[in-house]
Amino acid sequence: MKNDIITLAHGGGGIRTRNLIKELVLAHLGNPILNQLDDSAVVSFESPDLAFTTDSYVVNPLFFPGGDIGKLCMCGTINDLVMQGAIPKYIGLGLIIEEGFAIADLDKIFGSIAAVSRETGVLVVTGDTKVVEKGRGNGLYINTSGIGVRRPGVSAGISNAKPGNVVIVTGTIGDHGIAVIGKRQGLSFESDLESDVASLDSLISLLFNELVASINVLHDPTRGGVAAGVCDIAESSNVGIELVESHLPIKKAVKGACGLLGFDPLNVANEGKAIVVCSADAAERAISILRTHTLGKNARIIGSVVPDHPGMVLLKTAMGGERIVEVPAGEELPRIC
Amino acid sequence: MKCAVLNLARQDMVRMNKRIEQVYALFAEAKQPLKFMEVCGTHTMAAFRSGLRSLLPERLSLISGPGCPVCVTANDSINKAIAIAGCPDTIVATFGDMIKVPGSTTSLERVRAQGGHVHVVYSPLDALDLARKNPDKRVVFLGVGFETTVPGVAWTIKNSAETGVANFSVLCMHKTMPAAMAALVSAGPIDINGFLCPGHVSVVIGSNAYAFLAEKHKVPCVVAGFEPMDMVGAIEMLLRQIVEGRSSVEIEYSRSVTPEGNLAAQRIIQEVFEPCDAMWRGVGRIPGSGLKIRREYAAFDAELIFSDIAIESDDENPACICGKILRGVKTPYDCALFARQCTPSEPVGACMVSSEGTCAAYYAYAKKRGA
Amino acid sequence: MCLAVPAKIVSIDGEKAIIDTEGIRREVVVSLIPDPKVGDHVIVHAGFAIQKWSEADVAEFNGLMDEMRSVEPGAPGHGPHE
């Protein structure tokens, strides 16, 4: 089966579908709940305070330095739960596969999904597979839905930032977006850059174990980068935020690629970073805790929350000037201008 | 425990470096409000990104001229590119800057969304590569840009001819800088006390190209680099000329620019292209400010290859006053369309098309002031 | 109209060369500059090297970068990154 390709029959619900599920899905992801292959997974929770999220993954290319769509779909949804102060528990996985997709590639992707499941203890308990005709898809689209249990004492929420709070980013920005775009035809370049895609569960757990009462906002700067993430916080919390450009942790190669293509690193996607807004007196301790973890070793204070210009984000530039940071218009596109 | 970073965001507590202090000292000596114009989209971007204007003396204005080659691309050129994208077995390859520029009714972005084959590239070389990899498709590269970009496009056309890539062509919308600057200073009353001349265009054409501005029109000119400190240094040099009552062409960006420019690049431009008149969005027709592909390379001229396709008619909004804004005689607040029909997400004129153009910048800062 | 970055030529093959800018490598055309050599510093626009920098030019550029960095003091939460 591994040398074969996906055909419309694989999505038909018949023998081919069952074999696909047995040989690929259960082989990689099997667990007592999923193995039942029931119409719905029945799970129970100790607390009624749940977090529920859904996300779809249409990344191009499907395989990129540092990961693939499988790793991305698991980490992305897990991180959405983690940002809500929840312990991620279960994921539902919906695949839309384009006719002709190589089963060997599907096998690799399931392998990546399984690896994240093992690392985090988050189980895939339900799923669905559909196949569309050639030309109707980009190879593979994935939708994941996730459920987690809110930690007790958590008050983190996007509208909870308060003037006087400090804005922290857990590591270098722009890595994912640049790693992915470097592989697109017409824009390609060589580098050692890899996507930062990762589950933030263990990193944020460390933070919550000691500082749960001091964490006001957790938000992952995915599409639209740190710019969109911080603007979301400023708008939802109705506060002003001021960032300091020289404090933004950016890898040399990300700066180089952004210089080449004309990108602003603030607008480039991240898949393994969090923005943490906490009270000022907890900031130093938060940084120390984050830096003990491999995913937080470049954690940095990048700004502060202020009562002025509510809803607006300003950047103190490296030369001492000031400019407004806006939610990016959409795609970050390479410029000559 | 309070973190020191919390105290850093106030401009009045900024420790200005000595170059900026010099700007203030020279401006005080000049004893008059001044307007300097930068004519390069990349300078507009650099000024915006660094927050340069927030550091300059209040009555020293840095205004943006028609320096973004993409933003000044007229409706009929965009309409042509859009029509080509709709042709069967045709791929349009373009710099990312062009994707959102509006034509009469739509844009390349919307055309792509509706299934048109539009591919963003970093270099015309990538477009040629696309043509080699897709021999059954016609690949049309949108030739936009000033003299910095033209030599590269010229090389690509020559290489296409030499290696026999018959399915590659260029839709030439290139424009040249000195003719545009000449038009700016002779179009009517201007209020410009100095030009920051484009840094990388000057790498190719040389700083001597601006001599007429300083000698005939008595406007001080400094060719500036793009790092924030380059721009501050260039402003300092302009102020010095004004205080000393001089008008000449000077080079701040001496690590890249010479008086004669890059002769090999100039030669290849002349080999493949020849001057023509061009329409500039928001400014109008400027004689001799455009380029077209020479007859020897007609096989790669998309204008000729696609000469018979239906193109939407060009109808620029008569209420658009970009031309006056670009000359520094009006501000966006004087425009009836500003922030009403003309906004960053639905731009009408050149000054709003670029996200760092004069009108787009005013739009963003007006929000801050609550205007 | 003029986004160009400083880079270094790491290998040459006829009219083309591989350049490195801050760890990013790409193929560009070098026939618009005189006598390109491995190790040369150049500025690159849209896939073409358009000018060479001497060591003095590189030093001037680095000086400008340092001057800008000196405007802003370091801050707490400051730590090493790549």
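- Under an unreviewed UniProt entry, the name given to chain A is Hydrogenase expression/formation protein HypE, and the organism recorded is Candidatus Raymondbacteria bacterium RIFOXYD12_FULL_49_13.
- What UniProt states about chain A under its Sequence similarities (unreviewed entry) heading is, verbatim, "Belongs to the HypE family."

### Structural notes on the overall build of chain B
Right, on to step 1. The helix and strand tally for chain B stands at 15 helices and 11 strands.
Right, on to step 2. In terms of overall dimensions, chain B is globule-like: its C-alpha atoms have a radius of gyration of 22 Å, near the 21 Å expected for 371 residues.
Right, on to step 3. Once the C-alpha set of chain B is aligned to its principal axes, its extents read approximately 65 × 50 × 45 Å.
Right, on to step 4. Every one of the 371 residues in chain B was classed for burial, and the buried ones make up 57%.

### Some thoughts on the overall build of chain A
Right, on to step 1. Within chain A, the regular secondary structure consists of 8 helices and 13 strands.
Right, on to step 2. Taken over the C-alpha trace, chain A has a radius of gyration of 21 Å; the compact-globule value for 337 residues is 20 Å, and the two agree within 12%.
Right, on to step 3. Along the first, second and third principal axes, the C-alpha atoms of chain A reach 65 × 55 × 30 Å.
Right, on to step 4. Within chain A, the proportion of its 337 residues that are buried is 55%.
Right, on to step 5. Put simply, of all contacts in chain A between residues at least 6 apart along the chain, 85% involve residues at least 24 apart.

### What to know about the sheet that holds strand β9 (residues 249–251) of chain B
Residues and elements named next belong to chain B.
Right, on to step 1. The sheet built from 5 strands is open, its strands ordered β2-β1-β7-β8-β9 with parallel pairing. Of all strands in the sheet, those bounded by a partner on one side alone are β2 (60–64) and β9. The sheet shows a mean angle of 25° between the axes of neighbouring strands, taken without regard to direction.
Right, on to step 2. Sheet topology places strand β7 (residues 194–197) next to strand β8 (residues 221–223); 3 bridges connect them, and they run parallel. Along β8, the bridge assignment pairs C197 with V223.

### Concerning the nonpolar core
Right, on to step 1. By size, the foremost hydrophobic cluster in this structure holds 262 residues, and its most contacted members are A:V167, A:I168, A:V230, B:F195 and C:V44.
Right, on to step 2. If near-sequence neighbours (up to four positions away) are discounted, C:V44 is found in contact with C:A4, C:V5, C:A7, C:I19, C:V28 and C:A49.

### Details of the domain arrangement of chain B
All names here are of chain B.
Right, on to step 1. Here chain B is partitioned into domain 1 (32–316) and domain 2 (322–369).
Right, on to step 2. For domain 1 versus domain 2, the distance between C-alpha centres works out to 20 Å.
Right, on to step 3. In this assembly, 26 residues from domain 1 lie in contact with 16 residues from domain 2.
Right, on to step 4. Sort the elements by how many residues they give to the side of domain 1 that touches domain 2 and helix α2 (residues 41–50) lands first, with 4 residues.
Right, on to step 5. Tallied by class, the residues present in the side of domain 1 that touches domain 2 amount to 16 nonpolar, 7 polar and 3 charged.

### Observations regarding the domain arrangement of chain A
Residue and element names in this part refer to chain A.
Right, on to step 1. Partitioning chain A into domains gives domain 1 (8–150) and domain 2 (166–325).
Right, on to step 2. Distance from the C-alpha centre of domain 1 to the C-alpha centre of domain 2: 27 Å.
Right, on to step 3. Residue-level contacts link 19 residues of domain 1 with 20 residues of domain 2.
Right, on to step 4. Considering every element that reaches the side of domain 1 that touches domain 2, the biggest residue donor is helix α2 (residues 69–83), with 8 residues.

### What about helix α1 (residues 18–30) of chain B?
All names here are of chain B.
Right, on to step 1. An ideal rise of 1.5 Å per residue puts 18 Å on 13 residues; α1 measures up with 18 Å between its terminal C-alpha atoms.
Right, on to step 2. Residues I20, V23, L26 and F27 constitute the buried set of α1. One side of α1 holds all its buried residues, which, seen down the axis, span an arc of 120°. Of the exposed residues in α1, the ones pointing more than 90 degrees away from its buried face are K18, E21, A25, A28 and E29.
Right, on to step 3. Elements in contact with the buried residues of α1: β2 and α10 (228–243).
Right, on to step 4. Remark: K31 follows α1 within two positions and exhibits a positive phi of approximately 55°.

### Considering the interface of chain C and chain B
Right, on to step 1. Contacts between the two partners involve 26 residues from chain C, matched on the other side by 37 residues from chain B.
Right, on to step 2. Top element by residues in the side of chain C that touches chain B is helix α1 (residues 55–69) of chain C. It accounts for 6 residues.
Right, on to step 3. Classifying every residue of the side of chain C that touches chain B gives 18 nonpolar, 5 polar and 3 charged.

### Details of the confidence of the model for chain B
All names here are of chain B.
Right, on to step 1. For chain B, the average pLDDT comes to 87, and 92% of its residues sit at 70 or higher.
Right, on to step 2. Across residues 1–16, where pLDDT falls below 50, the model places 30 contacts with residues more than four positions away in sequence or in other chains.
Right, on to step 3. Across the predicted assembly, pTM comes out at 0.87 and ipTM at 0.88.

### Considering the UniProt feature "domain: PurM-like N-terminal" (unreviewed entry) in chain A
Right, on to step 1. Following the UniProt record, the feature "domain: PurM-like N-terminal" (unreviewed entry) maps to residues 38–149 of chain A here.
Right, on to step 2. With 29% helix and 40% strand, the stretch residues 38–149 of chain A has end C-alpha atoms that lie 23 Å from each other.

### Topic: the environment of A:A51
All names here are of chain A.
Right, on to step 1. Relative to the helices and strands, A51 resides in strand β1 (residues 50–57).
Right, on to step 2. With 21 C-beta atoms counted inside 10 Å, the residue A51 sits in the buried group.
Right, on to step 3. When the C-alpha atoms of A51 and Q84 are compared, they prove to be 7.0 Å apart, with 33 residues separating the residues in sequence.

### Quick look at the interface of chain B and chain A
Right, on to step 1. Taken together, the contact pairs 40 residues of chain B with 30 residues of chain A.
Right, on to step 2. Those elements giving two or more residues to the side of chain B that touches chain A turn out to be α2, β4 (118–120), α5 (124–133), α10 and α15 (358–369) of chain B.
Right, on to step 3. When the residues that make up the side of chain B that touches chain A are grouped by side-chain class, the tally is 24 nonpolar, 11 polar and 5 charged.

### A word on the sheet that holds strand β6 (residues 168–172) of chain B
All names here are of chain B.
Right, on to step 1. Across the sheet, which stays open at both edges, the 4 strands sit in the order β4-β3-β5-β6 with parallel pairing between neighbours. On the outer flanks of this sheet lie β4 and β6, each paired with one strand and no other. With strand direction ignored, the average angle separating the axes of adjacent strands in the sheet is 30°.
Right, on to step 2. With 3 bridges connecting them, strand β3 (residues 90–94) and β4 associate as parallel partners. Along β4, the bridge assignment pairs T94 with V120.
Right, on to step 3. Against the sheet, α5 contacts β3, β4, β5 (138–143) and β6, and its axis sits at roughly 170° relative to β5.

### Brief notes about the pairing of strand β9 (residues 240–244) of chain A
Residue and element names in this part refer to chain A.
Right, on to step 1. The buried count for β9 comes to 5 of 5 residues, which makes it a mostly enclosed element.
Right, on to step 2. Of the two faces of β9, the one carrying G240, E242 and V244 and the one carrying I241 and L243 are both buried.
Right, on to step 3. Two elements, β9 and strand β11 (residues 300–306), share 4 bridges in a ladder whose sense is antiparallel. Within the sheet, the bridge partner assigned to I241 lies in β11 and is V305.
Right, on to step 4. Alignment of β9 against strand β12 (residues 313–316), held across 4 bridges, turns out to be parallel. Paired with L243 across the strands is L315, a residue of β12.

### Structural notes on unusual backbone geometry
Right, on to step 1. Cis geometry marks the peptide bond from A:N60 to A:P61; its omega dihedral reads 5°.
Right, on to step 2. Tracing the chain through its elements places A:P61 in the loop between β1 and β2 (63–64).
Right, on to step 3. Backbone geometry at B:A339 places phi at a positive 65°, although glycine is not the residue there.
Right, on to step 4. Mapped onto the fold, B:A339 is located in the loop between α13 (322–326) and α14 (350–353).

### What to know about helix α5 (residues 201–211) of chain A
Residues that lie three or four places apart on an α-helix share one face, since the helix turns once every 3.6 residues.
Residues and elements named next belong to chain A.
Right, on to step 1. Along α5, the residues that are buried comprise D201, L203, I204 and L207. Along the axis of α5, the buried positions cluster into a sector of 160°, meaning they face one direction only.
Right, on to step 2. Tucked into the core, α5 has its buried residues touching α2, β4 (86–98), α3 (103–120), β8 (215–219) and α8 (283–291).

### Observations regarding the pairing of strand β7 (residues 166–169) of chain A
All names here are of chain A.
Right, on to step 1. Neither face of β7 is exposed, since V166 and I168 on one face and V167 and V169 on the opposite face are all buried.
Right, on to step 2. Of the strand pairs in this sheet, β7 and strand β10 (residues 275–278) are connected by 4 bridges, and their pairing is antiparallel. The residue of β10 that forms the bridge with V169 is I275.

Here is what the cut-offs are and how they apply
- Residues numbered from 1 in each chain as written.
- Chains lettered and ligands numbered in written order.
- Predicted model: local features only at pLDDT ≥ 70, side-chain atom pairs only at ≥ 80, totals over all residues.
- UniProt positions renumbered as here; feature names shortened; annotations may be inferred.
- Helix = DSSP H or I, 4+ residues; strand = E, 2+ residues; numbered from the N terminus.
- Rg over C-alpha atoms; globule rule 2.2 N^0.38 Å.
- Buried ≥ 20, exposed ≤ 12 C-beta atoms within 10 Å, placed from the backbone.
- Contact = placed C-beta atoms within 7 Å.
- Pairing = 2+ DSSP bridges.
- Axes fitted to C-alpha atoms, helices over the stretch in contact; angles between N-to-C directions.
- Core = buried A, V, L, I, M, F, W, Y, C linked by C-beta atoms within 7 Å.
- Domains from an automatic or database assignment.
- Nonpolar A, V, L, I, M, F, W, Y, C, P; charged D, E, K, R; others polar.
- Expected span 1.5 Å × (residues − 1).
- Arc of directions from axis to C-beta.
- pLDDT = per-residue confidence, 0-100.

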